[in-house]
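The lines below spell out each chain.
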4 protein chains.
Amino acid sequence: MASKLIAIVAGVGPGTGASVARKFAATYPVVLLARNPDNYESLAKEINQSGGKAIGISTDIADSGSVKNAIDTIKKEFGSGVGAAAAIFNANSRFARKPFLELTEGDFTDSLDVSAKGGFLFSQAAIPLLLNGVEQKSEHPPTLIFTGATASVRGSALMASFAPGKFALRALSQSLAREFGPKGVHVAHVIIDGVIDIPRTKEWLKDAGPEAKLSPDGIANDYWYLHTQPRTNFSWEIDLRPAVEKW
Amino acid sequence: MASKLIAIVAGVGPGTGASVARKFAATYPVVLLARNPDNYESLAKEINQSGGKAIGISTDIADSGSVKNAIDTIKKEFGSGVGAAAAIFNANSRFARKPFLELTEGDFTDSLDVSAKGGFLFSQAAIPLLLNGVEQKSEHPPTLIFTGATASVRGSALMASFAPGKFALRALSQSLAREFGPKGVHVAHVIIDGVIDIPRTKEWLKDAGPEAKLSPDGIANDYWYLHTQPRTNFSWEIDLRPAVEKW
Amino acid sequence: MASKLIAIVAGVGPGTGASVARKFAATYPVVLLARNPDNYESLAKEINQSGGKAIGISTDIADSGSVKNAIDTIKKEFGSGVGAAAAIFNANSRFARKPFLELTEGDFTDSLDVSAKGGFLFSQAAIPLLLNGVEQKSEHPPTLIFTGATASVRGSALMASFAPGKFALRALSQSLAREFGPKGVHVAHVIIDGVIDIPRTKEWLKDAGPEAKLSPDGIANDYWYLHTQPRTNFSWEIDLRPAVEKW
Amino acid sequence: MASKLIAIVAGVGPGTGASVARKFAATYPVVLLARNPDNYESLAKEINQSGGKAIGISTDIADSGSVKNAIDTIKKEFGSGVGAAAAIFNANSRFARKPFLELTEGDFTDSLDVSAKGGFLFSQAAIPLLLNGVEQKSEHPPTLIFTGATASVRGSALMASFAPGKFALRALSQSLAREFGPKGVHVAHVIIDGVIDIPRTKEWLKDAGPEAKLSPDGIANDYWYLHTQPRTNFSWEIDLRPAVEKW
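Naming follows an unreviewed UniProt entry, where chain A appears as NAD(P)-binding protein of Delitschia confertaspora ATCC 74209.

Some thoughts on the overall build of chain A
The number of helices and strands found in chain A is 6 helices and 7 strands. The order of helices and strands in chain A, counted from the N terminus, is β-α-β-α-β-α-β-α-β-α-β-α-β. The C-alpha atoms of chain A give 17 Å as radius of gyration, which agrees with the globular expectation for 247 residues (18 Å, within 12%). For the C-alpha atoms alone, the extent of chain A along its principal axes is close to 50 × 40 × 35 Å. Excluding contacts between residues fewer than 6 apart, the proportion of contacts in chain A whose partners are at least 24 apart in sequence is 70%. Of the roughly 9,100 Å² of accessible surface on chain A, a fraction of 50% belongs to carbon and sulfur atoms. Charged side chains in chain A number 26 positive and 25 negative. The centres of these two groups are separated by 3 Å.

So, the side chain of His 189 of chain A
Structurally, His 189 of chain A can be placed in strand 6 (residues 186–192). Only 2.8 Å separates the side chain of His 189 of chain A from the side chain of Glu 237 of chain A, close enough to count as a polar contact.

A word on the interface of chain B and chain A
On the chain A side, the residues contacting the 39 residues of chain B number 39 residues. For the pair chain B and chain A, the summed buried area comes to about 3,300 Å², and 68% of that belongs to carbon and sulfur atoms. Across the contact surface, chain B and chain A share 2 salt bridges. Across the salt bridge formed by Lys 117 of chain A and Glu 105 of chain B, the nearest N and O atoms sit 3.5 Å from each other. At the junction of chain B and chain A, the tally comes to 18 residue pairs in polar contact (both at pLDDT 80 or more). Among the elements of the structure, helix 4 (105–135) and helix 5 (163–180) of chain B are those that each provide at least two residues to the side of chain B that touches chain A.

Observations concerning the pattern of salt bridges
For the structure on display, the rule yields 53 salt bridges over all chains. A salt bridge links Glu 237 of chain B to Arg 170 of chain B; its shortest N-O distance comes to 2.7 Å. With a gap of 67 residues between them, Glu 237 of chain B in strand 7 (residues 237–240) and Arg 170 of chain B in helix 5 connect regions that are remote in the sequence. Using a relative accessible area of 13% as the deciding quantity, one classes Glu 237 of chain B as buried. Each of Arg 94, Lys 98, Asp 107 and Asp 110 of chain A takes part in one network of salt bridges that share partners.

A short note on the layout of surface pockets
All names here are of chain C. Estimates place the volume of the second largest pocket at around 1,500 Å³. In terms of lining, the second largest pocket is formed by 48 residues, of which the most central are Asn 92, Ser 93, Phe 95, Phe 162 and Arg 200. Of all elements in the fold, only helix 1 (16–25), strand 2 (30–34), helix 4 (105–135) and strand 5 (143–149) reach the threshold of two or more residues within the lining of the second largest pocket. Classifying every residue of the lining of the second largest pocket by side-chain character gives 21 nonpolar, 17 polar and 10 charged.

Points about the interface of chain D and chain A
Taken together, the 30 residues of chain D in the interface contact 30 residues of chain A. With both chains or domains summed, chain D and chain A bury close to 2,700 Å², and 50% of this area falls on carbon and sulfur atoms. The tally of links from chain D across to chain A stands at 2 salt bridges. Taking the shortest distance from any N to any O, the salt bridge between Glu 211 of chain A and Arg 231 of chain D comes out at 2.9 Å. Taken together, the links from chain D to chain A amount to 22 residue pairs in polar contact (both at pLDDT 80 or more). For the side of chain D that touches chain A, the elements supplying multiple residues, two or more each, are helix 5 (163–180), helix 6 (216–228) and strand 7 (237–240) of chain D. With 5 residues, the top contributor of residues to the side of chain D that touches chain A is helix 6 of chain D.

Side note on the relation of the copies chain D and chain A
Rotating chain D by 180 degrees about the axis while translating it 0.0 Å along that axis superimposes it on chain A, leaving an RMSD of 0.0 Å. In the structure described here, the two chain copies are related by an operation that fits a two-fold rotation axis. Identified as the residue of chain D closest to the rotation axis by C-alpha distance is Ile 238 of chain D, at 2.3 Å. Same-surface contact between copies: 100% of interface residues of chain D are shared with the interface of chain A.

Quick look at the packing of aromatic side chains
According to the stated counting rule, one finds 38 aromatic pairs over all chains in the structure shown. Through a chain of ring-to-ring contacts, three or more aromatic side chains come together here, namely Phe 100 and Phe 108 of chain A together with Phe 120 and Phe 180 of chain B. Above the ring of Trp 247 of chain B, the side-chain terminus of Arg 241 of chain B is found at 3.7 Å from the ring centroid.

Some words on the environment of Thr 73 of chain C
When you line up the elements, Thr 73 of chain C lands in helix 3 (residues 64–78). Note: C-alpha distance between Thr 73 of chain C and Asn 90 of chain C (17 residues apart in sequence) is 20 Å.

Concerning the relation of the copies chain B and chain A
Between the two copies, chain B and chain A, the superposition gives an RMSD of 0.0 Å; the rotation angle is 180 degrees and the shift along the axis is 0.0 Å. Interface residue correspondence from chain B to chain A reaches 100%, placing this contact among same-surface, isologous pairings.

Side note on helix 1 of chain C
Residues and elements named next belong to chain C. Burial runs high along helix 1: 8 of the 10 residues are buried. Along helix 1, the positions that sit buried rather than exposed are Thr 16, Gly 17, Ala 18, Ser 19, Val 20, Ala 21, Phe 24 and Ala 25. Those residues of helix 1 that are buried lie in contact with strand 1 (6–10), strand 2, helix 2 (41–49), strand 4 (84–89) and helix 6 (216–228).

Details of the pairing of strand 2 of chain C
Residues and elements named next belong to chain C. With respect to burial, strand 2 is a largely interior element, 5 of its 5 residues being buried. In strand 2, alternate side chains face the same way, and those of Val 30, Leu 32 and Ala 34 on one face and Val 31 and Leu 33 on the other are all buried. As defined by bridge partners, strand 1 adjoins strand 2 across 4 bridges and the pair is classed as parallel. Bridging from a neighbouring strand, Ala 7 pairs with Val 30 of strand 2. For the crossover from strand 1 across helix 1 to strand 2, the handedness is right-handed. Of the strand pairs in this sheet, strand 2 and strand 3 (residues 54–58) are connected by 5 bridges, and their pairing is parallel. Across the sheet, residue Leu 33 finds its bridge partner in strand 3, namely Ile 57. With helix 2 bridging strand 2 and its parallel neighbour strand 3, the resulting β-α-β unit is right-handed.

Some remarks on unusual backbone geometry
Even without a glycine there, the phi angle at Lys 137 of chain B is positive, about 55 degrees. If you trace the backbone, Lys 137 of chain B turns up in the loop between helix 4 and strand 5 (143–149). Despite not being glycine, Leu 158 of chain D has its phi angle at roughly 70 degrees, a positive value. Relative to the helices and strands, Leu 158 of chain D resides in the loop between strand 5 (143–149) and helix 5. The class of Leu 158 of chain D is partly exposed, set by a relative accessible area of 28%.

Looking at helix 5 (residues 163–180) of chain C
If you check helix 5 of chain C, its first and last C-alpha atoms are 25 Å apart, about what 18 residues at 1.5 Å a residue would give, namely 26 Å. Most of helix 5 of chain C is tucked away, with 18 of its 18 residues classed as buried.

With respect to the environment of Phe 162 of chain D
Here Phe 162 of chain D lies in the loop between strand 5 and helix 5. Sequence-distant contacts of Phe 162 of chain D, that is, excluding residues within four places in its chain, are made with Asn 92, Phe 95, Ser 111, Ala 149 and Ala 151 of chain D.

Remarks on the side chain of Asp 222 of chain A
Looking at where Asp 222 of chain A falls in the secondary structure, it is placed in helix 6 (residues 216–228). At 2.6 Å, the side chain of Asp 222 of chain A and the side chain of Tyr 225 of chain D are in polar contact. In this structure, Asp 222 of chain A is in contact with Ile 238 and Leu 240 of chain A together with Tyr 225, Gln 229 and Asn 233 of chain D, ignoring residues within four places of it in sequence.

What counts and how
- Residues numbered from 1 in each chain as written.
- Chains lettered and ligands numbered in written order.
- Predicted model: local features only at pLDDT ≥ 70, side-chain atom pairs only at ≥ 80, totals over all residues.
- Heavy atoms only, no water.
- Helix = DSSP H or I, 4+ residues; strand = E, 2+ residues; numbered from the N terminus.
- Rg over C-alpha atoms; globule rule 2.2 N^0.38 Å.
- Contact = heavy atoms within 4.5 Å.
- Areas by Shrake-Rupley, 256 points an atom, 1.4 Å probe, with all protein chains shown as cover.
- Lys, Arg positive; Asp, Glu negative; His and termini not counted.
- Charge placed at Lys NZ, Arg CZ, Asp CG, Glu CD.
- Polar contact = N/O pair within 3.5 Å; in protein donor to acceptor, adjacent residues only side chain to side chain.
- Buried area = accessible area lost by both parts, 1.4 Å probe.
- Salt bridge = Lys/Arg side-chain N within 4 Å of Asp/Glu carboxyl O.
- Buried < 20%, exposed > 50% of the residue type's maximum accessible area, 1.4 Å probe, protein only.
- 1 Å grid on protein atoms, 1.4 Å probe; cavity = no way out; pocket = protein on both sides within 12 Å on 5 of 7 lines; lining within 4 Å.
- Points joined across faces, edges and corners; volume = space filled by probe spheres on them.
- Nonpolar A, V, L, I, M, F, W, Y, C, P; charged D, E, K, R; others polar.
- Least-squares fit on C-alpha atoms with pLDDT ≥ 70 in both.
- Phe/Tyr/Trp six-rings, centres within 6.5 Å; stacked < 30°, edge-to-face > 60°.
- Lys NZ or Arg CZ within 6 Å of the ring centre and 35° of its normal.
- Pairing = 2+ DSSP bridges.
- Right-handed = clockwise from strand over helix to strand, strands pointing away.
- Expected span 1.5 Å × (residues − 1).

Shown next as structure tokens:
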């Protein structure tokens, strides 16, 4: 793997984040960001042992100091002029599904902090590196991908603590797509409309068959595909759901 | 004015907020919320002198303590079981139209704080009073109206500090409409798509003719109309723009 | 009723069309269009006997010759320079809710013919009269309103014969709003999201309570309200649904 | 090429259709449909000479007899139980960009006939073959792709003859995605938002640089990618535009 350009994945956990990191690690050194090192340590080891390169940095994506520290660490590791080929924002807050009047202020602001403010801080940190990637003539247009959800486009009852942050992130991604597309950075937003097949959801939808949940590796393929689209053919938004999903 | 039910307007200034307050003051005692008393004092006086009833409460809508204080003041003034016929969220943050990489963290979070967190805090404070209004058999279904903007549905370039908060507020309003409609509260979201004719915009669009800006009194009429819709015919969302607007 | 301007309602039946016609007949002479005279005869009589003025014209809205004949009849009755204050397109085809592969070509084209081609023919016939209304300085901006449905914004399973026509009509209305707003004609689209309370739906939703269906008179009020919006504050689109509706 | 499953492309011309046909011809025998044989003859020859297999059938996609004839020809050529791996609807009518009141009835209905009725007839013809493909265990889920445009989601001024057909086609595709996804057929809709780089547009956007137009081969790659998505991860809709596009 000769690439000097890196990929950064924010929100690495046992599901989409890990699959995306593995996929991009086949081509780029990857930086894994998560608050809890438990979420990236074994993954980083796995990638490093299988011939790739990965570093993990404990990062609170909603804290500007913590995000700045992550960027400093990246520059120390990869050089101050390092370029990024891809930056993936996959962070999610915990999700309080409650009647609106039972929500605490923290239930609401946690989601906003991670999805909206976290998206903002990550983008401000990543875009200069992606613009470096443009200058350094990356093979594929440097790509900034945001993971969205059904709640990115639909405010359902009992979703008042979750949908606002997801709508906000979608707005951010659209604004960035319009501002940075002409500068050569591909900004995309992916609406994940369904349950992702991860350890935590193992018991869900068992009656609906083996294909009722989204495959994290499939999502990673889709992200990689977005990354490979040429400058003439950028997608801003795609949706993803299992064939059997009711929607 | 015999109504025991009140109307609450958050974000009273020289434009939409004042027009909405005057309109609802013809039927209900009105509570005017703004951070700066300059924004409601003369309006409250005007309403009180012309036969209505208004009180102003200095409130930082993004601060839970301040919002709680406003509700305490309302209950002291109108009784602890007071019902609301209408609550209008018209608060807006300052708006930083800048290239994304020049935005400060405060530019971004100010908008989120006011539009998203402010909308949340206001809704949690107002909905119990609106539910009281349902119980007290208000003439028109108690109504919670949110002021949106073009940026509620479109993330444009250079709008990355403003659109996320507005998208978030729209998500909130949709979630609340779905949760509280069946409980008798009418939740609506209004997309203001154009320049509002207020002192600050006096010099704008002068060449486009006298009808190129939205009339704040017209907006107030639309809000009142939404308020009068019966339970069989609720609108969640309407857009509003001048006839000559390009969109 | 001194108005020289008329209102035209296409798609008069026992529900929304009749309510809208009665509402507008309080201010304007009304022209009632329906394929089957049974659908307007007693209504025209009712309006004429209660001090209004109404004429019915048997019209196949999807047939250009028939629409032309309707306009000729209108001009003979009201003068060749007659202006219109309002034109409401409320026509609906029969609706075949079937698995896609069981749809006949006619199932599909009937909906397209009425909703899309009918909307086109009606608009081409009505807009010149609405522009006359602008010139003749109508009190309210001349208004062209289209009745939409849930299927105007959502293509559900088993709705493949109905949603395409409704989407097409919405596209038409948006194109016309953008073209004719600046010329003073208010074009609006109303998404009716729920069951309308008409004789045919009498047995529907009986368990959901007396307010589970949209009131046709309520819809008529909403249409009238849209008609009265001033040029500074046009709505293009509103949605309407019962408070208890799940959406 | 050992596949017994075929791909069908409706609307083969010098641009997207030809690129898509070439792309799918690398894996499947392809059937090329166009009204005018000039649009497919040289392409079919090119594919057949380079080791693929292609047949062209002169087809008026808006005429049910002509579409039936195409299917009969396909069955004669490939067997009555032939399965399809992919069916791409890329037909477009001529496009009359005129003030609304200058549109002829034909300007309007041509677009509807091709986009809406044509989409319907093609889908009814292709879906049974795609369902055969499911039964015959195609490597990738059989895929039905519709080519959309900016006008699929936006009714602009002067687009009243074009947007309704495109909105209708989008509605159809969404209804079909919801009905046939659970049956294993992947239905997708692609919003092409920009100018495609074809001979006819050679002189367009010359000042905007070599990447200001969508590449037809790039679109073909995107269609192929959609085709390869597994049943756990279907996209219904993606948008595509050049990086430099203003939107």
